[in-house]
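Structural description and commentary
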Amino acid sequence: MKFAYRFSNLLGTVYRRGNLNFTQDGNSVISPVGNRVTVFDLKNNKSDTLPLATRYNVKCVGLSPDGCLAIIVDEGGDALLVSLVCRSVLHHFHFKGSVHSVSFSPDGRKFVVTKGNIAQMYHAPGKKREFNAFVLDKTYFGPYDETTCIDWTDDSRCFVVGSKDMSTWVFGAERWDNLIYYALGGHKDAIVACFFESCSLDLYTLSQDGALCVWQCDTPPEGLRLMAPRGWKADLLKRDEDVEDDADRERETTVRGTATPAEEEKKGKVKYTRLAKYFFNKEGDFNNLTAAAYHKKTHLLVTGFASGTFHLHELPEFNLIHSLSISDQSISSVAINSTGDWVAFGCSGLGQLLVWEWQSESYVLKQQGHFNSMVTLAYSPDGQYIATGGDDGKVKVWNTLSGFCFITFTEHLSGVTGVTFTSTGYVIVTSSMDGTVRAFDLHRYRNFRTFTSPRPTQFSCVAVDGSGEIVSAGAQDSFEVFIWSMQTGRLLDVLSGHEGPISGLSFNPAKSVLASASWDKTVRLWDMFDSWRTKETLALTSDALAVTFRPDGAELAVATLNSQITFWDPENAVQTGSIEGRHDLRAGRKELDKITAKHSAKGKSFTTLCYSADGQNILAGGLSKFVCIYHVKEQILVRKFEISCNLSLDAMEEFLNRRKMTEFGNLALIDQDAGEEDGVVIPLPGVRKGDMSSRHFKPEIRVTSLRFSPTGRCWAATTTEGLLIYSLDARMTFDPFELDTSITPSRIRAALRQRDFTRAILMAFRLNEQALVQEALESVPQDEVEVVSSSLPELYVEKVLEFLATSFEVSRHLEFYLLWTRQLLMQHGQKLKSRAGTLLPAVQFLQKSIQRHLNDLSKLCDWNCYNMRYALAVSKQRGVKRPAEPPGSEEEAAASTDDEDSLRLLAGTEGEEGEMLP
């Protein structure tokens, strides 16, 4: 149970590429994030990443009309059928080709995928028990180039497909007599989106050059006639009419369309006429249309452009309602919720996700990850917040409960290299390559201190002592350590002695000792009380890359370039142990590497270290997709986590794919995406469009920073994919403690009926089932909590405190559990102090849970107090008659008397309010 950490959430990345979807109730946005999918609950202000991953980056997501199922398709054509109710994968399927879009029919019985230049219709899974979840029904041919978009009619009788060959094709979902296929032209660029009008076959088509065509159909949906069976099918139906057509489900049929059908085929068929053609771009503008969405009930069309602007139009009159620029990059995806109030935008260039309420013209959600990779992270002392720094020079603070970023500091002018919290948790100190160390206040959200060096230098790491008064930073080019005072901002000292760049700094939590690691193969210990003299110099066998103290300060861990982790006694400067981690890293082979992964692993090493909250284990990560947990005392590998299985990243596979090797070299050197919408476009001579300098690259998988939560229940890692959170798996319910055959649920309930509460609680904790423990604790009467808590053995007090901390997050019995917490700490406080080191994670977890309730309740109480004060002032004012104003009185005098009256009323109600409120 102690090492049963599982992936729980992905922070720091809100959108990568693919299409956005709103859930059926319209309160949540489903966003593809790399090879994962995140659900943003806008109503409850919470984000949650589904515990599943595809082999490549997600390209499109199709949501069923009831909101229970989703089909997630990646770039390689692999599909996952996912249940959004139980959050698990139901089925795997491979479409054997790159899929551009997927869409369910409104009745939920079929879904269509666009693959290459064809469209395929499948029977939707989940309606009845089937062995194969994906059964192909029909394949539709017609477009000459890739198909791009799909839309269904409201009655699921027809669907329309747009293509890059500038044509739009209407297909019948059934074998209609008067509509098998219909091809529409009229555009001069690739089709971006096409939409049916509500309860009609009328169409809107939008192309990339910003043109909108309105098409009218001469036949209503009810006018579609089923084709009568002919030939052997008619004879077969006459012979046995009562046979169901289940066998037809397995038989694939093909519909082949032509852009110019013969005149005989047109007779008696559905006919489309173009009513109007509108243009979004004014004369001289060349703003490409990149995404669109249409709400059929309100006739609202939302269009996103490559310049980052979006327009809201009312159709079919094409009246502009609203226009706004929301980004510097192209808008990749647009979605509208079921009510038509909220519009979601995704910008893959900057990784932005925006939800805009167009009627009130305000943001419902505005989130953006780091533009470049994350470099460093730090947990707040109570574990509620995580601060991250990136190569883009931004510092972001994330709420671990909601998963959202609530403040971004942009004062740094270059990449952030180090982030740390002070002991109070309200100040963040960061170092940067721009030559500054900055302190940020989380109360007022401002940069209140900026520390600089006498000569310009680049800072590679930062550390703050336990009191929060001393700030230190290591220089990368001058090989010095700078010491500042937090109060005054003055430079106190410059520590010289290292002969290489400083790679890590760490303060001893228990003493005033600073450890600095350097590339000169040494770790120096500096004593703050002894005028910052070098206390000890620890000689290493290789360059030091990271250094960290154990939470009790009695041990020091150093990661070196030769893939070793060495442990030292800082008091005696003696090495106590070492771990060889080269074989545990198992670095992958890049696509362009000339040597194998086994040989390239010799140059890989751990670059970040972190002790667990109890100090018994250490977490290590580096230039690999693995994160290792080692037991410090036994010096063995306890568990290894694979942080990603995304093959869209480089250095993921251990062996090179021989299919990519030709006699002329590696196919990875050739840009296969040339001509794609975001690929390299090779221009012809004299053509300005296209940029030969743009290159496609695959980011390399790596772990840049690791931190354990102070509560000990989760840890976080900044990786190429984002900020990954791993927490203890709560589903492992059976984890007994000192269990014997005499302890059963029936005996626990029998003890509760006999009012032997202490024995029932002890037995419940030995069985260690959450429901039984909750039942035993909540059965204790409120006036007997003090007696029962005092009779608990010391060994069980820690377990009760951990259970209380967990229960605070889900239970409604806030006062009852607070009473238990207070009595336990009052009765056993002195004994618990002697084991402060081992109990610290449990107490911090308890503090985090209580602090969250305090923040919520304090806001609610302040709001209620304000409302009561306002109601009292209004009720007092209602019975007061104002005297008539003398003619010619000044407006300023009237305004001042009004202000005095209101102040007098408020002052008069303070006494009454004091009587009402305790």
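Data block above holds the structure.
Structural notes, computed from the coordinates. (Residues numbered from 1 in each chain as written. Predicted model: local features only at pLDDT ≥ 70, side-chain atom pairs only at ≥ 80, totals over all residues. Heavy atoms only, no water.)

What to know about the overall build of the protein chain
The test is simple: Starting at the N terminus, helices and strands are each numbered in turn, a helix being any DSSP run of H or I of at least four residues and a strand any DSSP run of E of at least two. Calculation of accessible area relied on Shrake-Rupley with a 1.4 Å probe; when residues are assessed, cover is drawn exclusively from the protein chains displayed.
Summing up its helical and strand segments, the protein chain has 13 helices and 59 strands in all. Carbon together with sulfur atoms contributes 51% to the accessible area of the protein chain, which is approximately 44,900 Å² in total.

Some thoughts on the nonpolar core
The test is simple: Remark: nonpolar core denotes a set of buried residues (Ala, Val, Leu, Ile, Met, Phe, Trp, Tyr, Cys) joined through side-chain atoms within 4.5 Å. Exposure classes here rest on a 1.4 Å probe applied to the protein chains alone. A residue is buried below 20% of its type maximum, exposed above 50%, and partly exposed in between. Contact definition: two residues touch when any of their heavy atoms are within 4.5 Å.
With 37 residues, the main nonpolar core has Ile761, Leu792, Leu804, Trp820 and Leu824 as its most contacted residues. Of all the elements in the fold, those that place two or more residues in this core are helix H6 (745–753), helix H7 (757–767), helix H8 (770–778), helix H9 (785–791), helix H10 (794–808), helix H11 (814–833) and helix H12 (836–878). Not counting residues within four places of it along the chain, the set of residues in contact with Trp820 comprises Ile761, Leu777, Val780, Val785, Val788, Ser789, Leu792 and Leu804. Residues Val33, Leu619, Phe641 and Tyr726 belong to the second largest nonpolar core, which totals 23 residues.

Let's talk about the pattern of salt bridges
Rules: In what follows, salt bridge is the name for a side-chain nitrogen of Lys or Arg lying within 4 Å of a carboxyl oxygen of Asp or Glu.
Overall, the coordinates contain 22 salt bridges when judged by the stated rule. Ionic pairing is found between Arg225 and Asp177, a salt bridge with its closest N-O pair at 3.7 Å. With Arg225 in the loop between strand S20 (211–217) and helix H1 (232–239) and Asp177 in the loop between strand S16 (168–172) and strand S17 (181–184), this residue pair connects regions lying 48 residues apart in the sequence. The class of Asp177 is partly exposed, set by a relative accessible area of 25%. For Arg702, the salt bridge identified is with Glu700, shortest N-O distance 3.5 Å. Taking relative accessible area as the criterion, Arg702 reaches 33% and is therefore assigned partly exposed. Of the residues examined, Glu700 reaches a relative accessible area of 16% and is grouped as buried. Salt bridges linked by common partners bring Lys110, Asp137, Lys138 and Glu174 together as one network.

Let's talk about the sheet that holds strand S9 (residues 88–94)
Under the convention used in this document: Pairs of strands are assigned from DSSP output, requiring at least two bridges between the strands. Axes, fitted as lines to C-alpha atoms, cover a helix only where it is in contact. Angles between the N-to-C directions of the axes lie from 0 to 180 degrees.
The antiparallel open sheet is built from four strands, whose spatial order is S6-S7-S8-S9. Only two strands of the sheet have a single neighbouring strand rather than two, namely strand S6 (58–63) and S9. Within this sheet the neighbouring strands show an average axis-to-axis angle of 20°, counted without direction. In the sheet, strand S8 (residues 78–83) pairs with S9 via six bridges, with the strands oriented antiparallel.

A few points about the pairing of strand S40 (residues 470–475)
Among the six residues that make up S40, six are buried, leaving the element largely enclosed by the rest of the structure. Alternating residues of S40 divide into Ile470, Ser472 and Gly474 and Val471, Ala473 and Ala475, and every residue in both groups is buried. Sheet topology places strand S39 (residues 459–464) next to S40; five bridges connect them, and they run antiparallel. Of the residues in S40, the one forming a bridge with Ala463 is Ser472. Two successive antiparallel strands, S39 and S40, enclose a turn made up of five residues, where Gly468 displays a positive phi of approximately 80°.

Some details on the packing of aromatic side chains
Rules: Put simply, two rings from Phe, Tyr or Trp (the six-membered ring, in Trp's case) pair if the centres are within 6.5 Å, and we call them stacked under 30 degrees between planes, edge-to-face over 60, tilted for the rest.
Evaluation of the coordinates by the stated rule reveals 41 aromatic pairs. Both rings, one in Phe95 and one in Phe134, keep their centres 6.2 Å apart while their planes meet at 85°; by these two values the pair is edge-to-face. Remark: Phe134 occurs in the loop between strand S12 (118–123) and strand S13 (135–141) and Phe95 occurs in the loop between S9 and strand S10 (99–104); sequence separation between them is 39 residues. Like Phe134, Phe95 is buried. Where Phe195 meets Tyr294, the ring centres are 5.9 Å apart and the plane angle is 40°; that geometry is what we call tilted. Of the two residues, Phe195 is situated in strand S18 (residues 191–196) and Tyr294 in strand S23 (residues 289–295); the sequence distance between them amounts to 99 residues.

Shape is all these values report; function is a separate question.
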